[in-house]
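# A look at the structure
If you want the building blocks of each chain, they are given just below.
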Amino acid sequence: MRIIRSKWKLFFYGMGAMGVNMLNLIVGSYLCDALMTEGFAQEIEYWTYANTTLVVAGIWSVLIAVSKILDGLIDIPLASFADNLKSKWGRRRPALLIGLFPMILAYIGFLNPIAGPVKSLVNTIWCGVMLCIFYSFYTLTMGTYYATFSEIVDNDGDRLSLSNFKTVFDIVYYVMGYALIPLMISARINIRIVGYIFLPLVLLMLIPISLIKEPSSLDKDRNDAQKKEIHVGMVQSFKYCIANKSFVIWMVIYCFLQFGLQIYITGQNVYYSGIMNLQGFQMTILMACVYAPVPFTLILYNRIVRKRGLRTGYLFSLSAFTIAMVFMLICRADILKDVTLRLVVAAIGSVISSFGIGCFFSINYTVPSSLADAEYRQTGITHPTMFFAVQGLSSAIATAIATGPVWVNLKGAGLTWLLPVVAIAGTAVSFGLTFLLPKELGMIGKTPDEETAG
């Protein structure tokens, strides 16, 4: 693959996934909840599809879990497919296109339930199937895109720059998702219409597709450099990943992070509306407090990593996020009865959480791409998509448990106030396990001179 050295091209490359990520955010954080009225207290007719519960809650909670477990399981064969795809256009561009268009169709299908009755089994199954298709092809698209992070650049400096550019655009779509969308709901725009408004952003993925320049991957067309690359099958590729001790430890740490982070991200709108009794414009203020400072807090995180390594930067970020969850826990409407005070305390907690968010975005690109590049340099084996796939599998299991049975049943039992407590539990375990990271992984990002001086 042709190496990109221009910082501007890397900037636009990092922009490419913003639309695809935005659709995933809308599905996971809004549309899955929008099929039920339970948990909402304000502006219910705009937060939900039809101001009623369209699915059977118990079955729907199971299907959410199934879709996310399937998302994780299918990562493995899709990663092998993307790493070993043979075409005259190379591996990455065809895989991106194969994933992109079915994902768009499934997203549109999810926006359009096919039956009208309240608590319809037909709607439940339809939306469950659409969700499975969406997550599967989202995985192929994004897994392929992330795999190029170890191929489109050839040094850690440019890889860090690309990860940081991607993180900046992650913040942009999160601001749109968690600050702008509540404002649109307050303006009485139904969540289904909101889903359609953001759909065209998915075409940004055409930017990396156009920037990727790779030769044919057909056996008859392979050049000398390609012949030196070792391609392995799905089972062997998976075995190489799980035999990497550093990667396995990282997966466990990342799994608990995702459990705590994803349950809070998924449930925060219900928590703000139902427990904190806030309206759309107030929720927008909180979202701005979370995401607006991230470009600046990311600078602080990068300085910590350069000076102390990835482990210290990650521990700092986990600590900030945990403190923020404590702030959210005390911002219940029945504890802080004055809405202004409640909003101010929650805003302070949101700003504190921004010190963790930047790290959580960046680190899931940095670790697997660095490990995949190191393995390629040492062994010649090229299977970067599999690293992201296996990481995705562990994350999907944690996310499925958190956002499926745990979150849906918390809502059903009227215990949504426990959301920050559950989030803290996940990040606390991740914090403790981080001390098990091998030195070479914990020191990723630390500048050589400072490492020597230490």
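### Notes on the overall build of the protein
Of regular secondary structure, the protein possesses 20 helices and zero strands. Taking 2.2 N^0.38 as the reference for a compact globule, 454 residues should give roughly 22 Å; the C-alpha atoms of the protein span a radius of gyration of 22 Å, in line with that estimate. Its C-alpha atoms give the protein principal-axis dimensions of about 65 × 55 × 35 Å. Accessible surface, the protein as shown: approximately 17300 Å² in total, 68% of it carbon and sulfur. Measuring between centres, the 34 positive side-chain charges of the protein sit 1 Å from its 25 negative side-chain charges.

### Let's talk about the confidence of the model for the protein
Looking at the protein as a whole, the pLDDT averages 85, with 94% of positions reaching at least 70. Counting contacts from residues 450-454, a segment whose pLDDT is below 50, to residues more than four positions away or on other chains yields four contacts.

### Some words on the packing of aromatic side chains
The final tally for this structure, using the stated rule, is 24 aromatic pairs. Taking the centre distance of 6.2 Å and the plane angle of 40° together, the rings of tyrosine 107 and phenylalanine 134 count as tilted. Here the residue tyrosine 107 occupies a position in helix H5 (residues 92-110), and phenylalanine 134 occupies one in helix H6 (residues 121-147), the gap between them amounting to 27 residues. Judged by its relative accessible area of 0%, tyrosine 107 is buried. Ring centres of tyrosine 314 and phenylalanine 360 lie 6.4 Å apart, and the angle between their planes is 75°; on these two criteria the pair is classed as edge-to-face. Of this pair, tyrosine 314 sits in helix H15 (residues 310-329) while phenylalanine 360 sits in helix H16 (residues 339-379), placing them 46 residues apart in sequence.

### Remarks on the packing of helix H14 (residues 294-308) against H15
What describes two packed helices is the angle between their axes and the distance between those same axes. Two numbers describe how H14 lies on H15: the axes approach to 7 Å, and their chain directions differ by 145°. In this structure, the crossing between H14 and H15 has a hand that is right-handed. Only Leu310, Thr312, Gly313, Tyr314, Phe316 and Ser317 of H15 make contact with H14, whose side of the interface consists of Leu300, Tyr301, Ile304, Val305 and Arg308. Residue composition of the contact of H14 with H15, by class: seven nonpolar, three polar and one charged.

### Overview of the environment of isoleucine 69
Relative to the helices and strands, isoleucine 69 is located in helix H4 (residues 57-84). Residue isoleucine 69 is classed as partly exposed on the basis of its relative accessible area of 35%. For isoleucine 69 and cysteine 289, which are 220 residues apart along the polypeptide, the C-alpha to C-alpha distance reads 32 Å.

### Notes on the nonpolar core
Counting residues in hydrophobic clusters, the biggest one holds 137 residues, and the most contacted among them are Trp60 and Phe110. The element best represented in this core is helix H12 (residues 245-275), accounting for 16 residues. Excluding its chain neighbours within four sequence positions, the residues that come into contact with phenylalanine 110 are Leu31, Cys32, Leu35, Tyr49, Trp60, Cys127, Met130 and Leu131. With five residues, the next largest nonpolar core counts Ala82, Leu85, Ala95 and Leu140 among its residues.

### Some points on the pattern of salt bridges
For side chains bearing opposite charge, pairing can occur when the charged atoms are close. Tallied over the full model, the rule gives six salt bridges. Between aspartate 83 and arginine 92 there is a salt bridge, with its nearest N and O atoms 3.0 Å apart. One salt bridge connects glutamate 151 with arginine 91, and the closest N-O pair in it is separated by 2.9 Å. Here glutamate 151, found in the loop between H6 and helix H7 (156-186), pairs with arginine 91, found in the loop between H4 and H5; they are 60 residues apart in sequence, far enough to count as distant. Of the residues examined, glutamate 151 reaches a relative accessible area of 13% and is grouped as buried.

What counts, and where the lines are drawn
- Residues numbered from 1 in each chain as written.
- Predicted model: local features only at pLDDT ≥ 70, side-chain atom pairs only at ≥ 80, totals over all residues.
- Heavy atoms only, no water.
- Helix = DSSP H or I, 4+ residues; strand = E, 2+ residues; numbered from the N terminus.
- Rg over C-alpha atoms; globule rule 2.2 N^0.38 Å.
- Areas by Shrake-Rupley, 256 points an atom, 1.4 Å probe, with all protein chains shown as cover.
- Lys, Arg positive; Asp, Glu negative; His and termini not counted.
- Charge placed at Lys NZ, Arg CZ, Asp CG, Glu CD.
- pLDDT = per-residue confidence, 0-100.
- Contact = heavy atoms within 4.5 Å.
- Phe/Tyr/Trp six-rings, centres within 6.5 Å; stacked < 30°, edge-to-face > 60°.
- Buried < 20%, exposed > 50% of the residue type's maximum accessible area, 1.4 Å probe, protein only.
- Axes fitted to C-alpha atoms, helices over the stretch in contact; angles between N-to-C directions.
- Left-handed = near helix turned anticlockwise from the far one by under 90°.
- Nonpolar A, V, L, I, M, F, W, Y, C, P; charged D, E, K, R; others polar.
- Core = buried A, V, L, I, M, F, W, Y, C linked by side-chain atoms within 4.5 Å.
- Salt bridge = Lys/Arg side-chain N within 4 Å of Asp/Glu carboxyl O.

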